[in-house]
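# Residue-level structural notes
Each chain, letter by letter, is given below.
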Amino acid sequence: MRILVLGSGGREHALAWAFARSPDVDEVVCAPGNPGMATLGRCVPVDVTDPHAVAQLVDDLDADLTVVGAEVPLVAGVVDAIEARGRLAFGPRAAAAHLEGSKAWMKEVLAAAGVPTAGHAAFGAGDEEQALAYLETLSGLYVVKTDGLAAGKGVVVTDSLADARAAVREYLSGAAFGDAGRRLVIEEGLTGPEVSLLVLCDGGEGAVPLAPAQDFKRIGDGDTGPNTGGMGAYSPVPVAPEAMVQELMRTAVTPTLAELGRRGVEYRGILYAGLMLTPDGPKVIEYNVRFGDPECEVVVPRLTSDLAVHCLEAARGRLESPVRFSDAACVTVVLASEGYPASPRSGDVITGVEAAEAHDGVLVFHAGTKRDDDGALRTAGGRVLNVTAVGSTVADARDRAYAACAEISWPGMQYRRDIAASA
Ligand code: AMP
Ligand code: GLY
């Protein structure tokens, strides 16, 4: 089959890498892709946020399956547009993607489904006084989130009431995140280790959990500084053994899918549950409607069954083939550009990628990179590369990943030194 991967990040590079290994895949096409993906298949330009442009491209390419990487195209209705042409796509339609498109709606669904989550209230543009008053009812740790999409950066977690109040004002006024923040959710702060559980769903009875991963959201070592899209990840996660995964499916994922079903919303694609293992038991922090990035980069290399087959079966509405993982561990470290996440600098020349890739067990997934006409690889965004390593244990994979990171450099490159250290 010909498979089209939509997107240009490390997640999409990892997906394209897995598809290129499938005996059932004749050709991988990437749109728009990146210099790493270009080594796996042809890259064609497209505006991924324009459903009609994407559907036209799918027709032009005669793609048998389109796999959508990111939330913005899904929320915009890319899957609906592709399916309207009688073609297969992996990912939820817009009605289901709304789960990530509106945190207020997600919380409403969770409440109706009886799924444990942080106490919360939602506020709109005229509600500043009520929002500030609600903050006063919380004890100690304040969480303010944009209702709409903000590339993983629209969340403030702080023990400072003054900072929380400032965030409420900046969000509601539109100063911080434009329309995405004019509606917001305030939550009680929870504590505990976080786990990302990615579940393969076929819109019917089929919902199969993939191996859990743990993401590192803050920019700095020791979980300091602002939230980012994710600075690294590892899998497996010792605090989330198989029994825990079954419990999370029973208490969170299955009731959520059932509640969506009651609302007439069919969920097909990856349902990503972001969970916190609190002293009061596991609670859902958020749902995302696609593979996590960088979680995808550590889950996919551990998969020993065929991802292309799983995605095709899900898109057709019936998961049949068993999903299997190796016992190996995987760690990915994000190399980010200077100024990330506030104002990343682009255009710096990157060296050492080939040397890193020559290390045993190492894969370098590209994210914010571009190839100049003169052949030089340059930074083109905040998260630039995902240096990923497979090893016999998490510690082994971690050592391999960091040894490979040491090969790569550009002016201002930054990365966390403590990814997977506590595992
Ligand atoms: P979200 O985009 O909702 O996943 O939030 C991003 C990150 O903020 C999460 O991965 C957590 O690290 C943190 N976070 C979100 N909600 C809460 C909460 N209620 N309590 C503590 N931390 C949170
Ligand atoms: N790594 C967090 C996310 O993909 O949302």
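Before any of the text, the structure's been laid out above.
The following refers to the structure shown. (Residues numbered from 1 in each chain as written. Chains lettered and ligands numbered in written order. Predicted model: local features only at pLDDT ≥ 70, side-chain atom pairs only at ≥ 80, totals over all residues. Heavy atoms only, no water.)

## Regarding the site of ligand 2
The line we're drawing: A molecule or strand has a residue near it when one of that residue's heavy atoms lies within 4 Å. Two N or O atoms count as a polar contact when they lie within 3.5 Å, although within protein this holds only if one can serve as hydrogen donor and the other as acceptor, and sequence-adjacent residues are included solely when both atoms are side-chain atoms. Method for areas: the Shrake-Rupley scheme with a 1.4 Å probe, in which residue coverage is limited to the protein chains shown. Only Asp, Glu, Lys and Arg are considered charged, only Ala, Val, Leu, Ile, Met, Phe, Trp, Tyr, Cys and Pro nonpolar, and every remaining residue, Gly among them, polar.
Close contacts around ligand 2 come from Asp 215, Lys 217, Gly 229, Tyr 272, Asn 288, Arg 290, Gly 292, Asp 293, Pro 294 and Glu 295, and that covers them all. Between ligand 2 and the protein, one listed contact pairs a nitrogen atom with a side-chain N or O atom of Asp 215 at 2.8 Å. Between ligand 2 and Asn 288, the relevant distance is 3.3 Å, taken from an oxygen atom to a side-chain nitrogen or oxygen of the residue. Burial of ligand 2 by the protein amounts to 91% of the accessible area it has alone, namely 200 Å². A breakdown of the residues in the shell around ligand 2 according to their chemical character gives 2 nonpolar, 3 polar and 5 charged.

## Concerning the sheet that holds strand S5 (residues 88-90)
Hydrogen bonds between backbone groups are what pair the strands of a sheet, and the pairing can be parallel or antiparallel. For clarity, the cut-off: The pairing criterion is simple: DSSP has to find at least two bridges between the two strands. Helix and strand assignments follow DSSP, with helices taken as H or I runs no shorter than four residues and strands as E runs no shorter than two, numbered in order from the N terminus. It only takes one pair of heavy atoms within 4.5 Å for two residues to be counted as in contact. Whenever a helix is involved, its axis is fitted only over the stretch in contact; in every case the axis is a line through C-alpha atoms, and angles between N-to-C directions fall within 0 to 180 degrees.
Read from one edge of the open sheet, 5 strands run S3-S2-S1-S4-S5, paired in parallel fashion. One side of each edge strand has no neighbouring strand; the edge strands of this open sheet are strand S3 (42-43) and S5. Alignment of strand S4 (residues 65-68) against S5, held across 3 bridges, turns out to be parallel. Within S5, the position partnered with Thr 66 by the bridge is Ala 89. Of the strands in this sheet, strand S1 (2-7), strand S2 (27-32), S3 and S4 touch helix H2 (residues 51-61), which is tilted by about 155 degrees from S1.

## Notes on the sheet that holds strand S12 (residues 214-215)
The strand order S12-S15-S18-S22-S19 describes an open sheet built from 5 strands, whose pairing is antiparallel. Only two strands of the sheet have a single partner each, and these edge strands are S12 and strand S19 (362-366). Both S19 and strand S22 (residues 383-391) contribute to a ladder of 5 bridges, which runs antiparallel. Each bridged residue has a counterpart across the sheet, and for Leu 363 the counterpart in S22 is Thr 388. Across the sheet, helix H1 (residues 10-20) is in contact with S19 and S22; its angle to S19 comes to roughly 125 degrees.

## A word on the packing of helix H5 (residues 94-101) against helix H6 (residues 103-113)
Heads up, the rule is: In these notes the angle categories are as follows: under 35 degrees is roughly parallel, over 145 is roughly antiparallel, 65 to 115 is roughly perpendicular, and the rest is oblique.
Across the interface, H5 lies against H6 with an axial gap of 6 Å and an inter-helix angle of 100 degrees. In this view, H5 runs roughly perpendicular relative to H6, as classed from their interaxial angle. From H5, Ala 95, His 98, Leu 99 and Gly 101 reach across to H6, where they touch Lys 103, Trp 105, Met 106 and Val 109. A class-by-class count of the residues in the contact of H5 with H6 yields 5 nonpolar, 2 polar and 1 charged.

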